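Residue-level listing of the chains:
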Amino acid sequence: MDELREVADLLNRSNCAVALTGAGVSTPSGIPDFRGPQGLWRRIDPRRFEIAYFYAHPGEVWRLFVDTFLAQAEAKPNPAHLALAELEAKGKICAVITQNVDGLHQRAGSKRVIELHGSLRYAVCTSCGARFPLSEVLKGPIDDAPRCRVCGGVLKPDVVFFGEPLPYEALQDAMMLAELSDVFMAIGTSLAVAPANRLPLIAKRKGAKLVIINQDPTELDEFADIIIRGKVEEILPRIAELI
Ligand code: OAD
């Protein structure tokens, strides 16, 4: 396929290629995406993951979180994650910016991973800001919202809820990488959610080539230099092979 060769050539020539990943990179690991045909937001009202709803019903949202997100802790990296780690190891991409909270890029061996939407590793206290490993917090049954053992405040999973700001440092790093990149690849994301979906446009405005790899159309297809439609778990290993 010519586009695969074109992307491999772009990566070979680039000084700073950056990948922005979304839930589509983890569906081959058995984790549902949000807006695809089997997406989470087709089963669950996303308003239940708004931050105001969490403060009003923390126990309910914790139970929902455990039911929907915790299976992700068992998932394993798939060939898409492994190919991205291989591209970084070969010096062909300089970072992965991810909207995913599953930690699978790191487990696949990617070293420079920027987590824009938090992670499943921690819970954070909504009063004093203390952070605790989620595994520790979830040792007992979740009848109600778990409490901070320092100040007694309500704990929240350390993932970004709708209406919350993104982690400051991660967003700064991501914007800097978008500005510096000469190739920007958006992979397995519908590009429907801000501010992550502004990164490809920042990169493009600074002169980067924009590559979109996704099985369905995305919100930014009209700005792409190359669009590859298909499964990331097949496409990324083939690109890595061509390098
Ligand atoms: P979406 O569910 O919006 O988009 C995932 C995209 O991946 C869809 O367009 C699918 O068609 C595509 N896809 C699924 N499996 C694929 C595969 N094997 N190969 C190629 N493409 C595939 O997920 P995101 O764009 O990541 O926010 O969503 C962004 C944010 O919205 C998430 O981080 C989450 C959500 O609300 C928070 O939790 C804060």
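- Going by the annotation in an unreviewed UniProt entry, the name recorded for the protein is NAD-dependent protein deacetylase, with Thermoproteus tenax given as the source organism.
- On record in UniProt, under Sequence similarities (unreviewed entry), the comment for the protein is "Belongs to the sirtuin family. Class U subfamily."

A look at the packing of helix H5 (residues 79-89) against helix H10 (residues 232-242)
In a pair of packed helices, the angle between the axes and the distance between the axes together describe the arrangement.
1) Next: In contact at an axis separation of 7 Å, H5 and H10 are set at 25 degrees when each is read in the N-to-C sense. The orientation of H5 with respect to H10, classified from their angle, is roughly parallel. Relative to H10, the crossing made by H5 is left-handed. On the side of H5, the interface is formed by Pro79, Ala80, Ala83, Leu84, Glu86 and Leu87, while H10 contributes Val232, Glu233, Leu236, Pro237 and Ala240.
2) Next: Class assignment of the residues belonging to the contact of H5 with H10 gives a composition of 9 nonpolar, no polar and 2 charged.

Some details on the UniProt feature "binding site: Zn(2+)" (unreviewed entry) in the protein
1) Next: Those places that UniProt annotates as "binding site: Zn(2+)" (unreviewed entry) correspond, in this numbering, to Cys125, Cys128, Cys148 and Cys151. In sequence the annotated residues extend across 27 residues, while in space they remain close, none of their C-alpha pairs exceeding 8.5 Å.
2) Next: You can see Cys128 is positioned in the loop between strand S4 (118-125) and strand S5 (131-133).
3) Next: For Cys128, a relative accessible area of 41% puts it in the partly exposed group.

What to know about the pairing of strand S9 (residues 226-229)
1) Next: Alternating residues of S9 divide into Ile226 and Ile228, all buried, and Ile227 and Arg229, none buried.
2) Next: Bridge analysis of strand S8 (residues 209-214) against S9 gives 4 bridges, and the strand direction is parallel. Opposite Ile213, over in S9, you have Ile228 as the bridge partner.

Describing the environment of Gly230
1) Next: Its place among the elements puts Gly230 in the loop between S9 and H10.
2) Next: As for Gly230 and Leu201, which are separated by 29 residues in sequence, their C-alpha atoms are 22 Å apart.
3) Next: Residues within four places of Gly230 in sequence aside, it is in contact with Asn214, Gln215 and Ile235.

Description of the environment of Trp41
1) Next: With respect to the helices, strands and loops of the structure, Trp41 is situated in helix H2 (residues 40-43).
2) Next: The exposure class of Trp41 is buried, given its relative accessible area of 17%.
3) Next: If we ignore the near neighbours within four places in the chain, the residues touching Trp41 are Phe34, Arg35, Pro46, Phe49 and Phe162.

Some thoughts on the site of the ligand
1) Next: Around the ligand lies a shell of 24 residues, among which Phe34, Arg35, Thr189, Ser190 and Asp216 are the nearest.
2) Next: In the model, an oxygen atom of the ligand is placed 3.4 Å from a nitrogen or oxygen of the Gly188 main chain.
3) Next: At 3.0 Å from a nitrogen atom of the ligand is found a main-chain nitrogen or oxygen belonging to Val232.
4) Next: Its atoms largely coinciding with the cavity grid, the ligand occupies the largest pocket.
5) Next: Residues belonging to the shell around the ligand are distributed by class as follows: 8 nonpolar, 11 polar and 5 charged.

Digging into empty space enclosed by the protein
Over the atoms a probe the size of a water molecule is rolled, and this reveals where empty space is left.
1) Next: A full pass over the atoms with the stated rule returns 1 cavity of 30 Å³ or more.
2) Next: In terms of lining, the largest cavity is formed by Ile31, Pro32, Phe34, Leu40, Thr68, Phe69 and Gln72.

Re the domain arrangement of the protein
1) Next: One can read the domain layout of the protein as domain 1 (1-31 + 77-117 + 166-243) and domain 2 (32-74 + 121-159).
2) Next: Each of domain 1 and domain 2 has a C-alpha centre, and the two are 27 Å apart.
3) Next: Opposite the 16 residues of domain 1 that make contact, domain 2 presents 11 residues.
4) Next: Of all residues in domain 1, Ala23, Ile31 and Val101 bury the most surface against domain 2, accounting for 43% of the area lost on that side.
5) Next: On the surface where domain 1 and domain 2 come into contact, there are 1 salt bridge.
6) Next: For Arg121, the salt bridge identified is with Glu115, shortest N-O distance 2.8 Å.

What counts as what
Positions within a chain are numbered from 1, following the residues in the order the chain's sequence is written. Given that this is a predicted model, residues contribute local features only at a pLDDT of at least 70 and side-chain atom pairs are listed and counted only at 80 or more, while totals for whole chains, interfaces and linings are drawn from all residues. Heavy atoms from the whole structure form the basis of all side-chain values; hydrogens and water molecules are not counted. UniProt positions are given in the numbering used here, feature names are shortened, and annotations may be inferred rather than shown by experiment. For every element, the axis is a line fit to its C-alpha atoms; helices are fit only across the contacting stretch, and the angle between N-to-C directions ranges from 0 to 180 degrees. Secondary structure elements follow DSSP: runs of H or I of four or more residues count as helices, runs of E of two or more count as strands, with numbering from the N terminus. To sort the angles, those under 35 degrees are grouped as roughly parallel, those over 145 as roughly antiparallel, those from 65 to 115 as roughly perpendicular, and the leftovers as oblique. Whether a crossing is left-handed or right-handed is set by the direction in which the near helix is turned from the far one by less than a right angle, anticlockwise for left-handed and clockwise for right-handed. Two residues qualify as a contact provided that any one of their heavy atoms is within 4.5 Å of a heavy atom in the partner residue. Each residue is assigned to one class: nonpolar for Ala, Val, Leu, Ile, Met, Phe, Trp, Tyr, Cys and Pro, charged for Asp, Glu, Lys and Arg, and polar for all the others, Gly among them. Relative accessible area decides the class of each residue, using a 1.4 Å probe on protein chains only: under 20% of the type maximum gives buried, over 50% gives exposed, and in between gives partly exposed. For two strands to count as paired, DSSP must find a minimum of two bridges between them. We define proximity as follows: a residue is near a molecule or strand when any one of its heavy atoms falls within 4 Å of that partner. For this analysis, a polar contact is any N or O atom pair within 3.5 Å, provided that within protein one partner can donate a hydrogen and the other can accept it, and provided that sequence-adjacent residues contribute only side-chain to side-chain pairs. Any residue with an atom within 4 Å of a point lines the site, the site being either a cavity, points on a 1 Å grid over the protein atoms alone where a 1.4 Å probe fits but cannot get out, or a pocket, an open set with protein on both sides within 12 Å along at least 5 of 7 lines. For this analysis, a molecule is said to be in a pocket or cavity if more than half of its atoms are within 2 Å of the grid points defining it. Grid points are joined across faces, edges and corners, and a volume is the space filled by probe spheres set on the points. The domain limits used here are those given by an automatic or database domain assignment. The term buried area refers to how much accessible surface (probe radius 1.4 Å) is lost by two components on association, counted for both of them together. A pairing counts as a salt bridge when a side-chain nitrogen of Lys or Arg comes within 4 Å of a carboxyl oxygen of Asp or Glu.

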